[in-house]
Structures are given as C-alpha cells and as structure tokens.
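Chain by chain, the residues run as shown.
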Amino acid sequence: MRLDKFVCKSTPLSRKEAVQAIHHERVLVNGVAILDEAAQVHENNHIILDGKHLVPRPFRYLLLHKPANCLSANISEPGKSTKYPSVFDVLNIDNSSELHLVGRLDADTTGLLLATDDGRWSFTITSPNSDCSKVYRVGLAKPLGPEVADTFLAGILLQGERELTLPAKLEIIAPTQVLLTLTQGKFHQVKRMFAAVGNKVVSLHREKIGAISLDVPQGQWRELTEAEVNAMG
C-alpha cells in the first residue's frame, strides 16, 4: 500500500494532508522519515505519525446496485450537455475516495458492482486467470434462435479481434431476453457479441459476479459478508 494511502486509512487526514505530513517528516517508517508519499509499505512495518503508532482501519467490501446514467468511477464527470454522476455519489457512500470498483459497467448498464479498498482482493477477481464468471440479463431488439447458444459456446470472433471469445453460456428465457454468463471482460463485450450475430442489445443488467448475487434495490448498497469476501478471494 502507498504510504499516503496508509496514513489516510489510519487517520482522519485527507490525501492532501497526509502528503503534507509526509513531506514535513512527521511520518516515520521503521524509525526512518520517508518523504516519498508513493513509497510502498506493508502490514508488518511500524509506522508512526507525530509519535503515534498508526493502525489502518479494516478493509471495506461493498455490493452496489448501479442505476442507469451514472459512471463506474469515483468522481462525477461533466458532459457536453449533461452531467453523469459517479456511482459513489449516487449511492452516497462515505469516504468513497478510499474505494475502487472491481470492474466496470457502462453508463447505461445497471446492476451489480463490487467496491473495495483491498487491492489484493480486487486483483484476484479481475485477473485474467481468475476465471470469475459474470451473469448478465440482456434485452435484445430481435428474437434469438436456439442455435445461437451453440455459437456463443463455441466462441465468437469480434470485430477488431484476432481470437475467438472464450466459451459463454447463453440461456434464452424469453424471445428477446437472455441470461449470458461470461468469464471475460473485453471492451463492450456483451454488445459486440450480439452485434456479431446480427442483433442489438437494448438493455443490459448484471445479476451476479462469481458467488455474489445482487440482492438490494437499485440505488442501494450493503457490505459483503465474510463468507462472500472469502468466496471471492
């Protein structure tokens, strides 16, 4: 963890205040003043601010139900004609600057997001080797034939790509509505996959990531249970 982040996570200081404290030699790491706020520190380091031993607050692990028309980002972003708030602003989460999202959803996509301040945990989930499944409910412009499920299972060559997508499970639950399970996260992958078979996504909602299912109303959030955290780690 960066030294300035460690100080923020152990005190009420803002990032700017933590950096000032570091630059003024008020922070000691194993008895030595470290002036670089980006220096990496670890749990077993003895870190002191103004003579007080620092102990970081426990990591946070959150489940969010993202509404449409907000960004998977920490900071709201002004647009040319409108303003898209960040999902953290919409959900009114305290100290959201300490958190990062585990993966993203497009502005018009709704559903499950995970957020944490534990970088090791999020890396385990997002690593290409994690094989973490994600389930999406997809609304389509046109009905799908049953043969499309075999196409998705075999892999699809997306425009601009050189390799087929990994096998994806497609379950048709209504003429224009399906459940799609992916273990990849290519750019706009769901929309591009259906475009490749001559269809168009008109609604997209993520219901599940790994062992964690969305179970709170839109625009709400909750902390993950210890069992959920461990299941993903």
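Structure: see above.
Residues numbered from 1 in each chain as written. Predicted model: local features only at pLDDT ≥ 70, side-chain atom pairs only at ≥ 80, totals over all residues. Heavy atoms only, no water.

Explain the overall build of the protein to me, and be specific about the residues and the numbers.
Scanning the protein from N- to C-terminus turns up 7 helices and 15 strands. Along the first, second and third principal axes, the C-alpha atoms of the protein reach 70 × 40 × 35 Å. Relative to its full complement of 233 residues, the protein shows a buried share of 41%. In the protein, 62% of the contacts between residues at least 6 apart in sequence involve partners at least 24 apart. Charge-centre separation for the protein: the mean point of 26 positive side chains lies 5 Å from the mean point of 26 negative side chains. (Helix = DSSP H or I, 4+ residues; strand = E, 2+ residues; numbered from the N terminus. Buried < 20%, exposed > 50% of the residue type's maximum accessible area, 1.4 Å probe, protein only. Contact = heavy atoms within 4.5 Å. Lys, Arg positive; Asp, Glu negative; His and termini not counted. Charge placed at Lys NZ, Arg CZ, Asp CG, Glu CD.)

Can you tell me about the pairing of strand β11 (residues 169-174), naming the residues and giving the values?
Bridge count between β11 and strand β12 (residues 177-182): 5 bridges; the pairing is antiparallel. Each residue of the ladder has a partner; that of Lys-169, found in β12, is Thr-181. Hairpin remark: β11 followed by β12, antiparallel, with 2 residues in the connecting loop. (Pairing = 2+ DSSP bridges.)

Tell me what's going on with the environment of Val-216, and back it up with residues and numbers.
Secondary-structure assignment places Val-216 in the loop between β14 (212-213) and β15 (221-223). When the C-alpha positions of Val-216 and Arg-15 are compared, they lie 31 Å apart, and in sequence the two are 201 residues distant. If sequence neighbours within four positions are ignored, Val-216 has contacts with Leu-63, His-65, Trp-221 and Arg-222.

So what about the packing of aromatic side chains? Which residues, and what values?
What characterises a pair of aromatic rings is the spacing of the ring centres plus the angle enclosed by the ring planes. Counted under the stated rule, the structure contains 2 aromatic pairs. Both rings, one in Tyr-61 and one in Trp-121, keep their centres 5.0 Å apart while their planes meet at 75°; by these two values the pair is edge-to-face. Placement of the pair is Tyr-61 in strand β5 (residues 61-66) and Trp-121 in helix α4 (residues 119-126), with a sequence separation of 60 residues. Residue class for Tyr-61 comes out buried when judged on its relative accessible area of 16%. Residue Trp-121 is classed as buried on the basis of its relative accessible area, which comes to 5%. (Phe/Tyr/Trp six-rings, centres within 6.5 Å; stacked < 30°, edge-to-face > 60°.)

Provide a residue-level description of the sheet that holds strand β1 (residues 27-29), including the pertinent values.
Here we have 4 strands laid out as an open sheet, ordered β2-β1-β3-β4, and antiparallel in their pairing. Each edge of the open sheet carries a strand with a single partner, namely β2 (32-33) and β4 (52-53). Pairing of β1 with β2, which is carried by 2 bridges, proceeds in the antiparallel orientation. In the sheet register, Val-29 faces β2, and the bridge partner there is Val-32.

I'd like to hear about the packing of helix α1 (residues 3-10) against helix α2 (residues 15-23), residue by residue, with values.
Contact pair α1 / α2: the axes reach a minimum separation of 9 Å and the direction vectors enclose 115°. Handedness of the α1/α2 crossing: right-handed. Residues Leu-3, Asp-4, Lys-5, Val-7 and Cys-8 of α1 form the contact with α2, whose participating residues are Arg-15, Ala-18, Val-19 and Ile-22. Of the residues assigned to the contact of α1 with α2, the class counts are 6 nonpolar, no polar and 3 charged. (Axes fitted to C-alpha atoms, helices over the stretch in contact; angles between N-to-C directions. Left-handed = near helix turned anticlockwise from the far one by under 90°. Nonpolar A, V, L, I, M, F, W, Y, C, P; charged D, E, K, R; others polar.)

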